[in-house]
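This is what each chain is made of:
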Amino acid sequence: MTAPGPSPAPQTPLSQRLAAQIAQIIRSENIAAGARLTERSLAERLRVSRSPVRAALRHLETIEVVSSAGNRGFVVSNPSKSAMLLEADGAHEEETYLAIARDRLEGRVPDRVTENELMRRYGLSRSQLTRMLHRIAGEGWVERLPGHGWEFLPMLTSLQSYRDSYRFRLIIEPAAILEPNFVVDRPGLERCRDQQRKLIAGDIWTISGAALFQLNRALHETIIECSQNPFFIESLRRVDHLRRLFEYKVALDRKRAAHACREHITLVDLLLDDQREEASAFMRRHLSSVSAAKTRGDAI
């Protein structure tokens, strides 16, 4: 009879984070099977006490990343399995990112916050919060204050303002295609078309909402950049920054999203064929249908 494996150790948010950090150390430093891991050295490196490190190592033992070596602590047993935990940790960070976005939209997070407040509220380690804040700052909805803390920037927070953003886009995006200095960015548009084709081929069912927003935003911004009109270009970029959080709140089913991807491909094909009048009219129809689908009552 096969001996039973180790029973799962009780996990806290701290020990779960530490387990992911230890798995990252094993993977990034290519630590081989058989290498010894000590609670003391890991606790010093991760700046925590030995007790949560011990719980983290026991958790890693249950998924066979490490194994107990008795009085000698733990040894790495299967470093390749650390990827499983890192994928789960990445999913957790994505959930936390969306939770921050939701809380900001609902007014549950103040305009100005400290890192300690965010760490306590969302159960994040310092390194996780740093990655999160760098991502959010790069997306343009938070910035570091000169002295201490962070400040969230103004965003669209109401359904009416979100509808208004689409009304504005209905004016500028079809018009930009008809600009006299419009020059097709063939490599850029072909790259966007390839991305949309991958979505239709199956990625649409697994991609995160944030990543889907980024791909679709890139396509519309690539098109408007062809106008070479800096006022059109900067206006759309600003609207995209403002509507980002509300996009995460909008419930557009993936079947409808796949239909939007097909429309994107048709739009790109029209532009590559230099059918700008038709592309402008198609852009208007596309934005109208997407806006109607996203702003109906049951989509919010």
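Right, let's walk through the structure included here.

1. Considering the packing of helix H11 (residues 254-272) against helix H12 (residues 276-295)
In helix packing, the relevant descriptors are the interaxial angle and the interaxial distance, both defined with respect to the helix axes.
Alright, step 1. Between H11 and H12, whose axes approach to 9 Å, the crossing angle comes to 165°. On the basis of the axis angle, H11 is roughly antiparallel to H12. Crossing of H11 over H12 shows left-handed handedness. On the side of H11, the interface is formed by Arg256, Ala260, Glu263, His264, Thr266, Leu267, Leu270 and Leu271, while H12 contributes Glu278, Ala279, Phe282, Met283, His286, Ser289, Val290 and Ala293.
Alright, step 2. Residue classes in the contact of H11 with H12 are distributed as 9 nonpolar, 4 polar and 3 charged.

2. A closer look at the environment of Arg104
Alright, step 1. Along the chain, Arg104 turns up in helix H4 (residues 82-105).
Alright, step 2. Residue class for Arg104 comes out buried when judged on its relative accessible area of 14%.
Alright, step 3. Apart from residues lying up to four places away in sequence, Arg104 is in contact with Val109, Pro110, Asp111, Trp141, Phe152, Leu153 and Leu245.
Alright, step 4. At a separation of 2.8 Å, a polar atom in the side chain of Arg104 contacts the side chain of Asp111.

3. Regarding helix H8 (residues 186-200)
Alright, step 1. Over its 15 residues, H8 extends 21 Å from the first C-alpha to the last, a length consistent with the 21 Å expected when each residue adds 1.5 Å.
Alright, step 2. Of the positions making up H8, those classed as buried are Gly188, Leu189, Cys192, Arg193, Gln196 and Leu199. The arc that holds every buried residue of H8, seen down its axis, measures 135°, which confines them to one face. When the buried face of H8 is taken as reference, the exposed residues oriented beyond 90 degrees from it are Pro187 and Lys198.
Alright, step 3. On its buried face, H8 is in contact with helix H9 (209-225) and H11.
Alright, step 4. If you check the start of H8, you find a side-chain oxygen 3.1 Å away from the backbone N of Gly188, and it comes from Asp185.
Alright, step 5. Within two residues after H8, Gly202 carries a phi angle of roughly 150°, on the positive side.

Thresholds applied
- Residues numbered from 1 in each chain as written.
- Predicted model: local features only at pLDDT ≥ 70, side-chain atom pairs only at ≥ 80, totals over all residues.
- Heavy atoms only, no water.
- Axes fitted to C-alpha atoms, helices over the stretch in contact; angles between N-to-C directions.
- Helix = DSSP H or I, 4+ residues; strand = E, 2+ residues; numbered from the N terminus.
- Parallel < 35°, antiparallel > 145°, perpendicular 65-115°, else oblique.
- Left-handed = near helix turned anticlockwise from the far one by under 90°.
- Contact = heavy atoms within 4.5 Å.
- Nonpolar A, V, L, I, M, F, W, Y, C, P; charged D, E, K, R; others polar.
- Buried < 20%, exposed > 50% of the residue type's maximum accessible area, 1.4 Å probe, protein only.
- Polar contact = N/O pair within 3.5 Å; in protein donor to acceptor, adjacent residues only side chain to side chain.
- Expected span 1.5 Å × (residues − 1).
- Arc of directions from axis to C-beta.

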